[in-house]
Amino acid sequence: MKVTIVYDNCLEKRGLRTGWGFSSLIEVGNAPPLLFDTGADGATLLYNMKQLDIEPKQIGTIVISHAHGDHTGGLSDILEINKHAEIYVPASTVARLPERKVIMVSQPIQISEAVFSTGELEGIEQSLAIKTSKGILVVAGCSHPGVGTILDAASRYGKVYGIIGGLHGFRDFSRLEGLSMICPCHCTQHKSELKRLFPEQYVACGAGHELGLL
Ligand SMILES: [Zn+2]
Ligand SMILES: [Zn+2]
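Residues numbered from 1 in each chain as written. Chains lettered and ligands numbered in written order. Predicted model: local features only at pLDDT ≥ 70, side-chain atom pairs only at ≥ 80, totals over all residues. Heavy atoms only, no water.

Undergrad: Account for the coordination of the zinc ion (ligand 2), naming residues and giving values.
TA: Of the protein atoms, only Asp70 (OD), His71 (NE2), Cys142 (SG) and His186 (NE2) coordinate the zinc ion (ligand 2), at distances of 2.1 to 2.2 Å. Here the zinc ion (ligand 2) is ringed by four donor atoms whose angles at the metal span 87 to 154°, and the overall shape comes out irregular. Read N to C, the donor residues that coordinate the zinc ion (ligand 2) are spaced as D-H-x70-C-x43-H. In this structure, the zinc ion (ligand 2) lies 3.7 Å from the zinc ion (ligand 1). Residue Asp70 is found in helix H2 (residues 69-72), and its partner Cys142 is found in the loop between strand E10 (135-140) and helix H4 (147-154); the two are separated by 72 residues along the sequence. Judged by relative accessible area, Cys142 falls into the buried class, the value being 2%. (Donors = N, O, S within 2.8 Å, 3.2 Å for Na, K, Ca; no water. Tetrahedral: all angles 85-135°; square planar, octahedral: opposite > 155°, others 65-115°. Helix = DSSP H or I, 4+ residues; strand = E, 2+ residues; numbered from the N terminus. Buried < 20%, exposed > 50% of the residue type's maximum accessible area, 1.4 Å probe, protein only.)

Put into structure tokens, the structure is as follows:
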């Protein structure tokens, strides 16, 4: 499996654009790619996809972590190109939704063979739990429900191996003990403390970053 950061505040690969927001592409086995969040701006999202050789039409599933503009802003541009992807949004989303199959997620739900949603947590946000040979990889948008709450919810699918995504103002650092990989992206405020406390586990995030796990 592979996670590619398509949209982020920081840069990891020359030639891509940065912007406040988050989007990542998740590829597991032969399943059609899944897009988790869409950044703040469709033009930046599509530009980075092109640079990364990601074909928007091939995306089979789009999961929106939560209804904040820095995660939903590119959705309408993608949907103009991709007419078939299934869309998963948190049940509390009140924005006008496209006229196609939209799954309103409240409870934990299986999305594909190896990809699960934590369900909507704290009435705002869902995260992904992906089964890998090393354990569960959590992919989070902003972590508004709290990283601890997300890790607890993801643990129902197995032992959590690592987390990638926006960790917002999270500073309850002991909750990350035992993880093998910590890749803080997007809105994470305390990256330098995380790097200092978890030097072995810390992985720098940015647009173009590719995380490969079996
Ligand atoms: Zn947010
Ligand atoms: Zn955000």
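Undergrad: Describe the coordination of the zinc ion (ligand 1), with residues and values.
TA: Six octahedral donors around a metal ideally make angles of 90 or 180 degrees; four tetrahedral donors ideally make 109.5 degrees. Those protein atoms acting as donors to the zinc ion (ligand 1) are His66 (NE2), His68 (ND1) and His144 (NE2), and they sit at 2.1 to 2.2 Å. Mapping the donors of the zinc ion (ligand 1) onto the primary sequence gives the spacing H-x1-H-x75-H. Overall, the relative accessible area of 0% leaves His66 in the buried class. The exposure class assigned to His68 is partly exposed, which follows from its relative accessible area of 33%.

Undergrad: Describe the packing of aromatic side chains, listing the residues and the values that go with them.
TA: Within a pair of aromatic rings, the relevant descriptors are the distance that separates the centres and the angle that separates the planes. Tallied over the full model, the rule gives three aromatic pairs. Between Phe22 and Phe36 the ring centres are 6.4 Å apart and the planes differ by 75°, which places this aromatic pair in the edge-to-face class. Note that Phe22 is positioned in the loop between strand E1 (2-7) and strand E2 (23-27) and Phe36 in strand E3 (residues 34-36), a separation of 14 residues in sequence. The pair Phe22 / Phe36 is uniform in exposure class, with both members buried. (Phe/Tyr/Trp six-rings, centres within 6.5 Å; stacked < 30°, edge-to-face > 60°.)

Undergrad: Which residues make up the environment of Leu194, and what values do they have?
TA: Here Leu194 is to be found in helix H5 (residues 191-197). On the basis of relative accessibility, which here comes to 0%, the residue Leu194 falls in the buried class. Residues Leu194 and Phe170 lie 24 residues apart in sequence; the distance between their C-alpha atoms is 9.9 Å.

Undergrad: Can you explain H4? Please cite residues and give values.
TA: Among the eight residues of H4, six are classified as buried, and the element is accordingly described as predominantly covered. Turning to H4, the residues buried within the fold contact strand E9 (128-132), E10 and strand E11 (160-166). (Contact = heavy atoms within 4.5 Å.)

Undergrad: Report on the pattern of salt bridges, specifying residues and quantitative values.
TA: One pass over the structure, following the stated rule, counts three salt bridges. Close ionic contact of Lys101 with Glu86 constitutes a salt bridge, the shortest N to O distance being 3.1 Å. Of this pair, Lys101 sits in the loop between strand E5 (86-90) and strand E6 (102-105) while Glu86 sits in strand E5, and the two are 15 residues apart along the sequence. Residue Asp152 is joined to Arg175 by a salt bridge in which the shortest nitrogen-to-oxygen separation is 2.7 Å. Here the residue Asp152 occupies a position in helix H4, and Arg175 occupies one in the loop between E11 and strand E12 (181-185), the gap between them amounting to 23 residues. (Salt bridge = Lys/Arg side-chain N within 4 Å of Asp/Glu carboxyl O.)

Undergrad: Describe the sheet that holds E3, with residues and values.
TA: Sheet architecture is open: seven strands sit in the order E6-E5-E4-E3-E2-E1-E13, paired in mixed fashion. In this open sheet, the two strands that pair with only one neighbour each are E6 and strand E13 (210-212). On average, each strand axis in the sheet is tilted by 20° relative to the strand beside it, whichever way the strands run. Relative to strand E4 (residues 61-63), E3 is paired through three bridges, and the arrangement is parallel. Within the sheet, the bridge partner assigned to Phe36 lies in E4 and is Val63. (Pairing = 2+ DSSP bridges. Axes fitted to C-alpha atoms, helices over the stretch in contact; angles between N-to-C directions.)

Undergrad: I'd like a rundown of the environment of Pro199, residues and numbers included.
TA: The topology assignment puts Pro199 in the loop between H5 and E13. What makes Pro199 exposed here is its relative accessible area of 55%.

All we've got here are geometric facts, nothing functional implied.
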